[in-house]
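Descriptive analysis of the structure
Residues per chain, in single letters:
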Amino acid sequence: MHTLLVWIVVILTVITVVRAIRILELVNELGGDGHEDEITEKDNNFNGKLLIWFLVIGLGGMIYFTFDAKKYLLPVSASVHGVLTDSYLNWNFALIGVVFIITQILLFGWGYKYRHKKTQKAYFYPDNHKLEFWWTVIPGIVLIGLIVYGLKLWNEITAPAPKNSMVIELYGEQFRWTARYAGGDNKLGNSFFRWITDDNQLGVDEKDPASKDDKIARELHLPVNIPIEFKIHSRDVIHSVYLPHLRAQMNAVPGMTTEIALTSTITTTEMKKITNNPKFEYVLLCNKICGVSHYMMNMKVVIDTQDDFRKWYKEQSLVFQPAESPAPADSAKGMAGSDVIGKKVVAAR
Amino acid sequence: MSDHSNEHAAHDHDAHEHHDSFWTKYVFSQDHKMISKQFLVTAIFMAVLAMFMSMIFRLQLGWPDHKFPFLETILGKWGKGGKLDPSFYLGLVTIHGTIMVFFVLTGGLSGTFSNLLIPFQVGARDMASGFLNMLSYWFFFASCTVMCASLVIETGPASGGWTIYPPLSALPQAIAGSGLGMTLWLVSMVLFIGSALLGGINYVVTVINLRTKGMSMTRLPLTIWAFTITAILGILSFPVLFAAALLLLFDRSFGTSFYLSDIFINGAPLHYSGGSPILFQHLFWFLGHPEVYIVLLPALGLASEIIATQSRKPIFGYKAMIGSMLVIAFLSFIVWGHHMFITGMNPFLGSVFVFTTLLVAIPSAVKVFNYLATLWKANIVLSPAMLFAMGLVSFFISGGLTGIILGDSALDINIHDNYFVVAHFHIVMGSSAIFGMFAGVYHWFPRMFGRMMNKRLGYLHFWLTILGVYGTFFPMHFVGLAGAPRRYYAYTAYSGFDAAININYLISTFALIGGLAQLIFVVNFFYSMYRGKRSTQNPWKSNTIEWTAPIDGIHGNWPGEIPTVHRWAYDYSKPGHDDDFIPQTTPYSETKNSNLPGEE
C-alpha cells in the first residue's frame with residue numbers, strides 16, 4: 001500500500017514538473033520580445049528588495065535565536081579553566097558578531113543600494129593602497145591579540161598536572177568507558193593490551209605493586225576542588241573523552257597515553273540547583289566515531305563533595321581482589337581518597 | 001612558440017572535423033569544452049546522490065522517533081521497518097562527506113571550470129594535452145563508479161567518517177564498513193587522485209605555456225589565477241594522501257603496522273606493534289587542509305570574475321586578490337595540525353598551528369574587504385549568478401569568522417568534533433564552494449551550451465537555497481555549543497541534551513527545503529540545455545576573451561587566429577569610454593579617451 005502511494009506521488013511529481021515546464025515555455029513565447037533572459041530593471045529592483053528583506057529578517061531571526069538559545073546551551077563551566085575559556089569565547093563571539101553584522105549589512109545593503117540602473121555608471125575604482133594597507137594591518141593586530149591571549153590560556157590548560165593531582169585512568173573500548181583510580185600510592189599499576197583477560201579487562205599487571213590498590217568503576221566520580229590528572233587509554237580504536245560540562249576533551253588512542261589535567265568546581269548537587277533541573281547529571285561522552293554504537297558510548301560522571309567521594313570510593317572494588325577477604329580497616333587505610341584528599345589537597349589549597 | 005602550436009592545433013582540427021563519431025565527440029572526447037560538460041554532469045549526478053543521503057540522515061536526526069516506511073522501500077535491509085539502520089547511518093554520513101568534498105567540490109568544481117575556462121580565458125585552442133585531459137575525466141568517472149558500487153554491497157559502504165581514521169578504518173572487526181566497503185573507498189580514492197593529478201598538471205602547463213599573445217600573467221582574469229593556484233595545491237598535496245592511503249592499504253591487507261599498535265578487539269590481541277594512528281592524521285590533514293582551499297579557491301575565483309562583471313566595476317585590488325590567494329595557499333600547507341589539537345599531539349606543536357591558522361584570517365579578510373569595495377558605488381546587475389556570488393561572500397564571512405574560534409586551540413577543546421565544527425565547515429567550505437559553483441554554472445552556461453538558463457527558476461533556486469543553508473547551519477552552531485557530538489545516530493543515551501536536540505527538528509526542516517530547491521536547478525539545467533533561449537555572443541557584456549569565440553563552440557575555439565590581448569580583464573565603467581566595458585581584445589589605440597597615464 002505504502003509502495004503504491006510512493007509511486008503515485010512520484011508520478012504526480014513528474015507530471016507536475018513536465019506541466020510546469022510547458023507553462024514556462026508558453027509564458028516565454030507570450031513575452032515574445034526575445035530578451036526574457038536578460039536581467040531587467042524589474043529583476044534588479046525585485047531582487048534588491050529581497051536582499052534587504054532577507055538581511056533584516058535574517059539578522060533579526062539570528063539575534064532572536066541567539067538569545068533564545070541560552071536555555072539549551074551548556075550551563076556554567078564546572079571546571080576552573082572552563083570559566084576562563086568561556087569568558088574568552090564570549091569575547092570572541094562579541095567580536096565576530098560585530099564584524100559579521102557590519103559586513104553582512106554592507107554586502108546586502110550595497111547589493112540593494114547600487115543595483116543596476118540604466119542611467120548610472122559605476123565608479124571606476126581599481127585600488128587604493130592606503131585603504132588596503134589598513135585593512136590588512138588592523139585585522140593583523142586584532143588577530144595577534146587573539147593569538148597571544150589564546151595561547152596563554154592554552155599553555156595554562158595543557159601545563160603538566162600539579163604534583164598532588166589525583167591520578168585516574170580513563171579506559172575506552174567499544175563501547176564502554178572504565179575508570180581506574182590509582183589508590184593510596186596515587187600510582188597506576190602498569191598495563192598492557194596482551195595481559196587483557198576476562199577477569200582483567202584493562203590488562204593490568206598483577207605483579208606491579210602499584211596495581212595492588214587500584215580500583216575500577218563504571219561511573220566516574222570526582223571529588224570537587226581536587227586537581228585531577230586523567231591518563232587516557234584505548235584498547236581498540238580511537239575514542240575521545242569529552243566532558244562538555246567541564247570543557248575538557250582528549251582523544252583516547254590505542255598504543256599511547258594522553259592526558260587531561262583539570263579541577264572541578266561544582267558538585268552534581270549544586271549543579272542541579274544552578275540549572276534548576278533535578279535530573280541534571282554530568283556525562284563523559286565518546287566524541288570520536290568508533291563504531292556502530294558510538295552514539296551510546298558514555299559514562300555517568302558525578303562530582304561529589306570530598307566527604308561523599310570518600311564514602312563512594314570505599315565501596316568500589318579493587319582491580320585484583322585479594323585471595324583472602326581483607327579486613328575492612330586495611331582497605332580503608334590504603335585508600336587513595338583519604339590520602340589525596342586528606343593531606344595533599346590541603347597542601348594544594 | 002605558443003602561436004605556432006596553436007596554429008598547428010587549428011589546422012589539425014579542420015582536418016578532423018568531419019570524422020567525429022558519437023564516441024569521439026561525446027564519450028572519449030579530447031575537447032576541453034566537452035570534458036568540462038562531462039565533469040559537470042557527473043558532478044551534478046553525484047551531488048544529487050550525496051544530497052539525497054543527507055536528506056535521509058536529516059530525517060533520522062530531525063524525527064528520531066518517527067518511522068518512514070519508504071526507507072524500507074529504497075534501502076531494503078538498511079531501512080527495516082522504516083527505521084534507518086545505525087551502521088548505514090554512519091555509512092551515509094561517510095559517503096555524503098566523501099562525495100561532496102572530493103567528487104563534487106574538487107573533481108566537479110575544478111574539473112568543470114578549469115577545463116572550460118582555462119583554454120578559453122588564456123586564449124588557447126585546447127588544453128596542453130587533450131589526451132591526459134580525457135584520461136583525467138575517465139579516471140574520475142571510474143572513481144565515481146567504484147564509490148557508488150560500494151553503496152550496494154552486503155557489508156555496506158565505508159562508515160568510519162570521510163577522514164577514514166585508522167584503526168577504525170583498518171579493522172573490519174571494528175565496523176562492518178571497514179571490510180570491502182573500505183577497500184572500494186580506497187580504490188576509488190586512488191583513481192580519484194590519478195584524475196586530480198592528471199588534470200592539475202594539465203591546468204598548470206596550459207596556463208604557463210599556452211597564453212595568447214599579450215596575455216601576461218598580470219592580465220589573467222582572477223579565475224585563472226585561482227585555478228592555477230588550486231592545481232598547484234592539488235599537485236603538491238594529493239600525492240601525500242596517496243601515500244597515506246597506500247600505507248593504510250598495507251596495514252589492512254599485508255599486516256604492516258604503520259598506523260596500528262597495541263590493539264585488543266573482539267576478545268583477542270592483534271599482532272600490530274609500534275605504529276601510530278596519529279601518523280595517519282598528520283598525513284591525511286597534510287592533504288586535508290590544502291583540500292579545503294582546493295575546494296574554496298576556484299569558487300572564490302569564479303566569484304571574483306562574476307562580481308566584477310556584474311558590478312560593472314573593476315575588481316578592487318586585483319594584485320591584492322592574487323597576493324592573498326598566494327598567501328592563503330602557502331599557509332594552507334602549514335596549518336594542518338589545527339585538526340589535531342586534542343589528539344594528544346604535543347601542546348607546543350599545537351601552539352604553532354594556532355599561530356599559522358589564525359594568520360589565514362588576514363588574507364581572507366583582505367579578500368572580503370576587496371569584494372565589498374568592489375560593490376561600493378557599483379552598478380550591480382543582480383543576475384542569478386551575481387546573487388550566488390554574493391551568497392558565497394556572505395558564507396565566506398560567516399564561516400570564516402567561526403573559524404577564528406575553532407582555530408584557537410583553547411577554544412577548540414570544547415567544540416572539537418561537535419556540531420559547531422559541522423556547522424562551520426558546511427558554511428565556509430561546503431556552501432561557499434557550492435554557491436561559487438552555482439554562480440559559475442549560471443554565468444557560463446551560455447558559454448557551455450550556447451543557451452541561457454531560465455532566470456526566474458534561477459532566482460527561485462537562489463532564494464530557497466540561501467534560506468535553506470542559513471536555516472540549516474546557523475542553528476547548528478548552537479547544537480554544538482550545547483555539547484552535542486557529531487556522527488551520533490541518536491541522542492537518546494544522555495538526556496542532558498534533549499532541549500538542544502529539539503533544534504534538530506528545525507534544522508532538518510530547513511535542510512529539506514534547501515534540498516528540494518536543488519531539484520529546481522536540476523530541472524532548469526537540463527531543460528535549458530535543450531530548450532533554453534539562444535544566447536547572444538556576449539550575454540553579460542564581459543571583457544574576458546572566452547566571449548569572443550563563437551558561442552556555439554567549435555573545435556579549436558576560435559576560427560582563424562586567436563585574438564590578441566591588449567589589457568587586463570577589468571576595464572569596466574572606465575571614465576571616458578561610452579560603453580561600460582572594454583574587452584581585453586580592444587587595443588589602447590582605440591580607446592584614447594579613457595586611457596590612464598601609462599596606457600598607450
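Worth saying up front: this structure is predicted, and the values here are computed from it rather than measured.

Topic: the overall build of chain A
For chain A, the count of helices and strands is eight helices and eleven strands. Counting every position in chain A, which comprises 349 residues, the buried fraction comes to 36%.

Points about the overall build of chain B
Helices and strands together make up the secondary structure of chain B, namely 18 helices and two strands. Since a compact globule built from 600 residues should have a radius of gyration of about 25 Å, the 24 Å found for chain B is in line with a globular shape. Expressed as lengths along the three principal axes of its C-alpha atoms, the size of chain B is roughly 80 × 50 × 50 Å. Sequence separation of 24 or more characterises 79% of the internal contacts of chain B that already satisfy a separation of 6 or more.

A word on helix 9 (residues 277-311) of chain B
All names here are of chain B. Spanning 35 residues, helix 9 covers 50 Å between terminal C-alpha atoms, matching the ideal 51 Å at 1.5 Å per step. Taken as a whole, helix 9 carries its principal kink of about 30° at tryptophan 285. The buried count for helix 9 comes to 32 of 35 residues, which makes it a mostly enclosed element. Where helix 9 ends, the next residue or the one after it, arginine 312, has phi of about 55°, a positive value.

A short note on the interface of chain B and chain A
Taken residue by residue, the interface counts 107 residues in chain B and 98 residues in chain A. It is helix 13 (residues 384-406) of chain B that provides the largest number of residues to the side of chain B that touches chain A, a total of nine residues.

Description of the confidence of the model for chain A
Atomic detail in the predicted coordinates should be set aside for any region of low pLDDT. Within chain A, residue pLDDT values average 88, and 88% of them lie at 70 or more. Low confidence marks residues 326-349 of chain A, where pLDDT is under 50. Its contacts with residues over four positions away, or in another chain, come to 37 contacts.

Points about the sheet that holds strand 9 (residues 282-286) of chain A
Strand pairs in the sheet, formed through backbone hydrogen bonds, run parallel or antiparallel to each other. Residue and element names in this part refer to chain A. If you walk across this open sheet you meet the five strands as 4-10-9-6-7, and the pairing is mixed. Of all strands in the sheet, those with a lone pairing partner are strand 4 (220-223) and strand 7 (248-252), marking the two edges. Along the sheet, successive strands turn relative to each other by an average axial angle of 20°, direction set aside. When strand 9 meets strand 10 (residues 298-304), the two strands line up antiparallel, connected through four bridges. Bridge pairing links valine 283 to lysine 300 in strand 10. Sheet strands touched by helix 6 (residues 306-315): strand 4 and strand 10. Its angle to strand 4, the strand with the most contacts, is close to 140°.

With respect to the environment of threonine 305 of chain A
All names here are of chain A. Counting through the fold element by element, threonine 305 comes out in the loop between strand 10 and helix 6. Residue classification places threonine 305 among the partly exposed residues on the basis of 15 C-beta atoms within 10 Å. Distance from threonine 305 to proline 223, taken between C-alpha atoms, is 5.7 Å for residues 82 residues apart in sequence. Excluding residues within four positions of it along the chain, threonine 305 makes contact with Val224 and Thr267.

Structural notes on the packing of helix 10 (residues 318-332) of chain B against helix 12 (residues 361-375) of chain B
Residues and elements named next belong to chain B. Axis separation between helix 10 and helix 12 bottoms out at 9 Å; the angle between their running directions is 150°. When the axes of helix 10 and helix 12 are compared, the pair comes out roughly antiparallel. Classified by chirality, the crossing of helix 12 by helix 10 is left-handed. For the pair helix 10 and helix 12, the contacting residues are Ala320, Met321, Ser324, Val327 and Ile328 in the first and Pro363, Ser364, Val366, Lys367 and Asn370 in the second. Residues that form the contact of helix 10 with helix 12 fall into these classes: six nonpolar, three polar and one charged.

Topic: the nonpolar core
Grouped burial of nonpolar side chains is what soluble globular proteins tend to show. Core analysis: the biggest nonpolar cluster contains 280 residues, and Ala389 and Ala439 of chain B have the highest contact counts within it. With residues near it in sequence (within four places) discarded, alanine 439 of chain B still touches Leu302, Ala303, Ile306, Ala385, Phe388, Ala389 and Leu392 of chain B.

A short note on the sheet that holds strand 8 (residues 258-263) of chain A
All names here are of chain A. Spatially, the six strands line up as an open sheet ordered 8-5-1-2-3-11, and their pairing is mixed. At either end of the open sheet lies a strand with only one pairing partner, and these are strand 8 and strand 11 (317-318). Bridging between strand 3 (residues 215-217) and strand 11 involves two bridges; their strand directions are antiparallel. Pairing of isoleucine 216 across the sheet is with serine 317, part of strand 11.

Concerning the pairing of strand 9 of chain A
Counting buried residues along strand 9 of chain A, five of its five residues qualify, which places the element largely inside the surrounding structure. Burial of the side chains of strand 9 of chain A extends over both faces: Tyr282, Leu284 and Cys286 of chain A are buried on one face and Val283 and Leu285 of chain A on the other.

Brief notes about the confidence of the model for chain B
All names here are of chain B. Residues of chain B with pLDDT of at least 70 account for 97%, and the chain-wide mean is 93. In this model residues 1-16 is a low-confidence stretch, pLDDT under 50, and it forms 14 contacts with partners more than four residues away in sequence or in other chains. In the predicted assembly, ipTM is 0.92 and pTM is 0.92.

Notes on helix 4 (residues 129-158) of chain A
Spanning 30 residues, helix 4 of chain A covers 42 Å between terminal C-alpha atoms, matching the ideal 44 Å at 1.5 Å per step. Among the residues of helix 4 of chain A, those classed as buried are Glu132, Trp135, Leu143, Leu146, Gly150, Leu151, Trp154, Ile157 and Thr158 of chain A. Tucked inside the fold, the buried residues of helix 4 of chain A contact helix 3 (80-113) of chain A together with helix 10, helix 11 (347-359), helix 12, helix 13 and helix 14 (409-415) of chain B.

Here we look at the pairing of strand 10 of chain A
Relative to strand 10 of chain A, strand 4 of chain A runs parallel, the two sharing four bridges. Counterpart to proline 223 of chain A in the pairing with strand 10 of chain A is aspartate 304 of chain A.

Conventions and cut-offs
- Residues numbered from 1 in each chain as written.
- Chains lettered and ligands numbered in written order.
- Predicted model: local features only at pLDDT ≥ 70, side-chain atom pairs only at ≥ 80, totals over all residues.
- Helix = DSSP H or I, 4+ residues; strand = E, 2+ residues; numbered from the N terminus.
- Buried ≥ 20, exposed ≤ 12 C-beta atoms within 10 Å, placed from the backbone.
- Rg over C-alpha atoms; globule rule 2.2 N^0.38 Å.
- Contact = placed C-beta atoms within 7 Å.
- Expected span 1.5 Å × (residues − 1).
- Bend = angle between axes of the 7 residues up to and from the residue.
- pLDDT = per-residue confidence, 0-100.
- Pairing = 2+ DSSP bridges.
- Axes fitted to C-alpha atoms, helices over the stretch in contact; angles between N-to-C directions.
- Parallel < 35°, antiparallel > 145°, perpendicular 65-115°, else oblique.
- Left-handed = near helix turned anticlockwise from the far one by under 90°.
- Nonpolar A, V, L, I, M, F, W, Y, C, P; charged D, E, K, R; others polar.
- Core = buried A, V, L, I, M, F, W, Y, C linked by C-beta atoms within 7 Å.

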